Amino acid sequence: MTARKSNTLRSAGVLVVCGLLAALVVAAASFPAAAIAGLAAKAGSEEWEELPSELITQTSPQVSRVYASDGKTQIAVMYDEFRSNVPLAKVSQNMQDAIVAAEDHKFYEHNGVDVKGVARAFVNNNQGGGRQGASTLTMQYVRMAQAYSATDPQEVVNATKDTASRKLSEMKYAIQVEKELTKQQILERYLNMAPFGNGAYGINAAAQVYFSKTPADLTVAEAALLAGMVKAPTAFDPTTKTGYPQALARRDYIIDNMLSLGQITADEATAAKKVKLGRTTKRPSSGCVNVAKNQWGFFCDYFYRWWLGQAEFGDTSYDRERMLKSGGYRIVTTLDVDAQADARKEITARTSDKNPNALMLAAVEPGTGAVRALAANRKYKIDDADNPSNPLSSNPALAKQGVRATYPNTTNPIITGSADLSGYQAGSVFKMFTMVAALENGMGLDTTINSPARYTSQYRDSSSSSCGGYWCPSNASASEAGNFNMWTAFGKSVNTYFVPLQERVGAASVVDVAQRFGITFRNSDDANMAKNSANDWGAFTLGVSASTPLDIANAYATLAADGRYCTPTPIASITNADGAAVDAGKAKCTQATSAAVARKALDAARCPVGDQAQLGTCAGSTAPQVRSVVGHPVFGKTGTTDRDKTAALVVGTRSLVVAGYLANPDWANHTDRMSHDIVNPAVYRTLADYMEGKPVEEFPTP
């Protein structure tokens, strides 16, 4: 509609409503049931007919609820307005009666407009009396529906401002609504849309916020209080000093109305008035910093970031956030609350939340990409330098050194990474990618290489530690020298075996395998090397590229899934406010390598963790206790970086893969030495806790 036409209709509306109401004054005494349409004809039918009558509505914003994998344990709620629609059948009769007693005594008698009420209000308002609105419940519903369906702020103003033309428009809409909906449907929509103050929208939220109960259980006193708040939620707020007496007076007024309308007995009215008003409210807080249990915060954040990246929910991250916080979704995630509790327990047993070094665990289910746990020795909580527990508050010099201080509280995705947090060097866990590349190139697990204590590679190196201008890595121990094959070299993590093995297949092939297995180069230098100089990346096999525990857990899960890589996902299912399934969140799976290669690589990967290979002999391990503690066939790998800046372990069964890093997420140039005595037991005991009581499953024979 053009601005000119809108103004014309508005002016015409004022004239029409004046004529209409004048007719109502006369008509109300002689024929109170006269149809509004007939009166409109006397006052100006042309202008009346030009007013729209088909009410276009949108669903009011609904709370989205996030659950764990059991579909019962609520992790978090997401909302802009705290509201969840409920059918009228689940609203107590007390509440249905109270809202009628408060707002519209003739609700079940009129056809959308209370003729006498409109006439009375018109006369009163034009004689200088206190303002009367005479809006029926149906008209009030129309007003709220128009406001929620508005597409810009001006439309909201037009739908709610107190003008004659707006009132006339509401009347016509209300008449049409009454033709299309039953009284019960109108009442249901009204109760689900109405504001009740203190962040509660709709009767379901109001019952929870004020009384911690469902709408079906509201008493007469409770229903009367809530019904009284709709008119002016702030003025009649019982939790404030000024609102309390007004809320009490209005509640009792509505109880009297319920009595006069025959909705309750005199004894019920007396008893209801004796009920003391509560002064407190209880509303679930929105977002991941307000999860039901803090240990779920990092998983909630992972889900939230996942949602913001899904084009299905909007063109921009802003649109997607609004969709999440207003769409009324029921989201069942992949979080296993028992696995999460186990991970947090094992972490807490080994380090403090105040330790600047982060012990971070991620658990993934092979073949599905389902992320089962994300835990760290951190509280998922917003922190800043003014917090006394934050080290920057007492040592500003740390900030100048690049320390961000994510301890003891943080909302940074330290376990899963982001564009701003690339991850950590994880060391020898990357040797698996070299082994897969070699197997894909036709080499066997029995490929033997004479591995010296120090190896001069073909990769150029201009540093002072080079050997004649070439990179020359050594092993962790001088005793790790001799002839090795893939079983024995992987078991003992022999650097001088995997560097020449990488030379044979080409570093670019190894980088390619890592990418197929889900390694993301978030660091710009890593991304540049992978894209432009992959064949020169000699140290790649030793794990110098930044990664996260989730990256490595999912990469190793690919082996347990016979080479099938699935993108990690926090989603089990999503349904919208209407209960329809939303086709989003399913892991995208590809065959990253053949099942034959995956099974061979996994066979060698049994060696580092104290298990036995099916086709060869291990002859050594770097984490020998894992197999006996877990009590199931296992595979995995340890990882250590230069000067022990990171210690890592990844361990898996056919059911679950757990990866853990001990690293400093704030300061890349720290001088601490990370200990496998901390990270290793946290990882394998988390897996052992998860596998307890589950049937033993052997890995497929290579």
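The rules we used
Residues numbered from 1 in each chain as written. Predicted model: local features only at pLDDT ≥ 70, side-chain atom pairs only at ≥ 80, totals over all residues. Heavy atoms only, no water. Pairing = 2+ DSSP bridges. Helix = DSSP H or I, 4+ residues; strand = E, 2+ residues; numbered from the N terminus. Axes fitted to C-alpha atoms, helices over the stretch in contact; angles between N-to-C directions. Contact = heavy atoms within 4.5 Å. Buried < 20%, exposed > 50% of the residue type's maximum accessible area, 1.4 Å probe, protein only. Core = buried A, V, L, I, M, F, W, Y, C linked by side-chain atoms within 4.5 Å. Left-handed = near helix turned anticlockwise from the far one by under 90°. Nonpolar A, V, L, I, M, F, W, Y, C, P; charged D, E, K, R; others polar. Salt bridge = Lys/Arg side-chain N within 4 Å of Asp/Glu carboxyl O.

Q: When you look at the sheet that holds strand 5 (residues 371–376) in this model, what are you seeing that I'm missing?
A: Paired through their backbone hydrogen bonds, the strands of a sheet run either parallel or antiparallel. Read across the sheet, five strands follow the order 5-4-17-16-15 without closing on themselves; strand pairing throughout is antiparallel. Edge positions in the sheet fall to strand 5 and strand 15 (635–640), since each has one partner strand and no second. Neighbour to neighbour, the strand axes of the sheet diverge by 5 degrees on average, direction disregarded. As defined by bridge partners, strand 16 (residues 647–652) adjoins strand 17 (residues 657–663) across six bridges and the pair is classed as antiparallel. Bridged to L649 within strand 17 is G660. With respect to the sheet, helix 15 (residues 337–348) is in contact with strand 4 (358–364) and strand 5, its orientation differing from that of strand 5 by roughly 25 degrees.

Q: Is there a simple way to think about the sheet that holds strand 1 (residues 64–67) in this case?
A: An order of 2-1-3-13 is seen for the four strands of this open sheet, with the pairing classed as mixed. The sheet terminates laterally at strand 2 (74–78) and strand 13 (571–575), the two strands that pair on one side only. Adjacent strand axes in the sheet meet at a mean angle of 15 degrees when their direction is disregarded. With three bridges connecting them, strand 1 and strand 3 (residues 330–333) associate as parallel partners. Bridged to Y67 within strand 3 is V332. Of the strands in this sheet, strand 1, strand 2, strand 3 and strand 13 touch helix 13 (residues 297–308), which is tilted by about 45 degrees from strand 2.

Q: Where do I start with the pairing of strand 17 in this structure?
A: When a strand is regular, its side chains alternate between the sheet's two faces. Most of strand 17 sits inside the fold, with seven of its seven residues counted as buried. A two-sided burial pattern is seen for strand 17, the buried positions comprising V657, A659, Y661 and A663 on one face and V658, G660 and L662 on the other. Pairing of strand 4 with strand 17 involves seven bridges; the strand directions are antiparallel. Looking at strand 17, one finds that M360 is bridged to Y661.

Q: Is there a simple way to think about the nonpolar core in this case?
A: Soluble, globular proteins show a tendency: their nonpolar side chains are buried together. Grouped together as the largest cluster of nonpolar side chains are 98 residues, with contacts concentrated most on F433, Y556 and L559. If we skip the residues at most four places from it in the chain, L559 touches M432, V436, F517, A598, A601, L602 and F635. Counting residues in each nonpolar core, the second largest holds 62 residues, with A206, V230, I264 and A269 among its members.

Q: So what exactly am I meant to see when it comes to the packing of helix 15 against helix 25 (residues 676–691) here?
A: Axes are the key here: two packed helices are described by the angle between their axes and the distance separating the axes. Two elements in contact, helix 15 and helix 25, have axes separated by 9 Å at closest approach and are oriented at 150 degrees. As for how helix 15 packs across helix 25, the hand of that crossing is right-handed. Residues A339, D342, A343, K345 and E346 of helix 15 pack against A682, R685, T686, D689 and Y690 of helix 25. Grouping the constituent residues of the contact of helix 15 with helix 25 by class yields four nonpolar, one polar and five charged.

Q: When you look at the pattern of salt bridges in this model, what are you seeing that I'm missing?
A: A pair can form between side chains of opposite charge whenever their charged atoms are brought close. Counted by the stated rule, this structure contains 27 salt bridges. The shortest N-O distance in the salt bridge between E321 and K325 comes to 3.3 Å. Here K325 and E321 lie together in helix 14 (residues 317–326), a separation of four residues that amounts to about one turn. No difference in accessibility class separates E321 from K325, as the two residues are buried. Ionic pairing is found between R372 and E365, a salt bridge with its closest N-O pair at 3.1 Å. Overall, R372 belongs to the buried group, its relative accessible area being 15%. Among the ionic contacts, a cluster of salt bridges with common partners joins D80, E321, R322 and K325.

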